[in-house]
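Topology and contacts: notes
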Amino acid sequence: MSDTLTITRRNLLVWMRVPAYLMFTVIQPVMFVLLFRYVFGGAIPVHVRGGYVNFLMPGIIGQTAAFATFGTAIALAQELKKGVIDRFRSMPMARSAVLAGRLVADTGRMLLTILIIVGVGYAVGFRFTNGVGGAVAMVVLATVFGLAICCISAYTGLAIGDEESVQAFGLIWLFPITFLSSAFVPIPSMPGWLQAFANNQPVTYVINTMRALALGGPVEASLWKSIAWLAGIFIVFLPLAVRAYRRAG
C-alpha cells in the first residue's frame, strides 16, 4: 500500500507540473458538450424530460471516462520505452505498485474530469432529476466504467509499447464503441443491423444505467448487465495487464 501510494503521488505530481496536459484532457469533452448541445442537439429528437441536453450528458460523461484512459496507455508506453519501468523493477519495492499506482492516479484524474464535465453540463442546462443519491451513483458508475477501460488501456500500452501506435489503436476501438451506442442518439434511429450491435454492447448498458440514475426510470435490468460486463472486463484484462507488465522491458 505504501509503495502504491508513493507511485500514485509521483504520477499526480507529473500531471500537476504539466498543467497543459490536464487542460487539454478537459477541453475535448467540453467541446463535445458544446458541439452536441448547440449544433446537433436541435436535429436529434428525444423523449426525455428536460430535452436533449439531459439525454446527452450521461453519454458525454461515459465517453469522457472512456477517453480519459488514453493517458494510461500512453504514459505506460512512454515509461516502458524510456526504461522507467525497468528502473522501478530494480528498486526494493512491490512490483504491483507501478501498475496499481498508475490506475489509482488515473482514477483520481478521471473523477476530477467527470466532475468538471458535470459542472459544464449544468452551465448548458443539464439537471439531475432523480435526487442526490442518483447523481452520486451515476458519477461512481462512470468512474468504475473508466477504471475498467483503464485496465484495457494498461494492457494495450504495455503490450504495444509505442505511444503513437497505442494512441492510434485507442482511436480505432474507443471511437466506434462509444458512438455506436445510446450515448448520443436513440438506438431506434439507427439502421436495423447497427441496432443489434448497439443494443448489446457494454457502453450502451452503462450509459442507459447512468441515464436512469440521473433522470429516473427503470434501472435494474441495465444495471445488472452493466455490472456483468464490467466484472468481465476486470476479470479478463486486469490479469492480462499484470502479465504484460511482467513481460515488458
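One can find the structure itself at the top, above this paragraph.
Residues numbered from 1 in each chain as written. Predicted model: local features only at pLDDT ≥ 70, side-chain atom pairs only at ≥ 80, totals over all residues. Heavy atoms only, no water.

**Comments concerning a nonpolar patch on the surface**
Applied cut-off: Residues forming no salt bridge and having over 30% relative accessible area are the ones grouped into patches, like charges within 9 Å of each other and nonpolar side chains (Val, Leu, Ile, Met, Phe, Trp, Tyr) within 5 Å. The protein chains shown are the only cover counted for residues, whose accessible areas, like all others here, come from Shrake-Rupley with a 1.4 Å probe. Criterion for a salt bridge: a side-chain nitrogen of Lys or Arg within 4 Å of a carboxyl oxygen of Asp or Glu. The helix count covers DSSP runs of H or I at least four residues long, the strand count covers runs of E at least two residues long, and both are numbered beginning at the N terminus. The buried label goes to any residue with under 20% of its type's maximum accessible area, the exposed label to any with over 50%, and the partly exposed label to all in between, with areas taken from a 1.4 Å probe on protein chains only.
Residues L34, L35, Y38, V39 and F40 make up a contiguous nonpolar surface patch of about 470 Å² in total accessible area. Its place among the elements puts L34 in helix α2 (residues 19-40). For L34, a relative accessible area of 38% translates into the label partly exposed.

**Here's the deal with the side chain of R109**
To be explicit about the condition: What makes two residues a contact is simply this: any of their non-hydrogen atoms within 4.5 Å.
Relative to the elements of secondary structure, R109 occurs in helix α6 (residues 96-123). On the accessibility criterion, R109 (5% relative accessible area) is buried. Discounting chain neighbours no more than four positions away, the residues touching R109 are W15, Y21, L22, T25, A68, G71 and T72.

**Regarding helix α10 (residues 202-215)**
To keep it simple, the criterion reads: Every helix has an expected span of 1.5 Å times one less than the residues it contains. Polar contact criterion, stated in full: a pair of N or O atoms within 3.5 Å, where within protein one must be able to donate a hydrogen and the other to accept it, and residues adjacent in sequence count only if both atoms are side-chain atoms.
Here α10 contains 14 residues, and its C-alpha end-to-end distance of 20 Å stays within 8% of the 20 Å for a straight helix at 1.5 Å per residue. Where burial is concerned, most of α10 is hidden: 13 out of the 14 residues are buried. A side-chain oxygen of the first residue of α10 lies 2.9 Å from the backbone nitrogen of V203; this N-cap is Q201. Phi turns positive, to about 95°, at G216, one or two residues after α10.

**Comments concerning the nonpolar core**
Which entries qualify depends on this criterion: Definition of nonpolar core: a set of buried residues of the types Ala, Val, Leu, Ile, Met, Phe, Trp, Tyr and Cys, connected through side-chain atoms within 4.5 Å.
Core analysis: the largest hydrophobic core is formed by 53 residues, its most contacted members being Y52, I61, I114, M138, F145 and M210. Taken together, the elements giving at least two residues each to this core come down to α2, α3 (52-67), α6, α7 (131-160), α8 (163-179), α10 and α11 (220-247). Apart from residues lying up to four places away in sequence, I114 is in contact with I61, A65, V139, A142 and T143. Counting residues in hydrophobic clusters, the runner-up holds 16 residues, among them I7, L80, L99 and A241.

**Re the environment of Y245**
Looking at the secondary structure, you find Y245 in helix α11. Residue classification places Y245 among the buried residues on the basis of a relative accessible area of 5%. Expressed as a C-alpha distance, the spacing of Y245 and Y155, which sit 90 residues apart in the sequence, is 7.9 Å. The residues touching Y245, leaving out its near neighbours within four places in the chain, are I85, R89, R95, V98 and L158.

**Regarding the pattern of salt bridges**
Pairing is possible between side chains of opposite charge, provided their charged atoms come close. Here the structure, examined in full by the defined rule, presents four salt bridges. E79 is paired through a salt bridge with R10; the nearest N and O atoms lie 2.4 Å apart. Separated by 69 residues along the polypeptide, E79 in helix α4 (residues 70-82) and R10 in helix α1 (residues 2-16) bring together distant segments of the chain. What makes E79 buried here is its relative accessible area of 9%. We note a salt bridge from R102 to E79, for which the minimum N-O separation is 3.0 Å. With R102 in helix α6 and E79 in helix α4, this pair connects stretches of sequence that are 23 residues apart. Under the relative-accessibility criterion, R102 is labelled buried at 4%.

Spatial relationships are all this shows, so hold off on functional conclusions.
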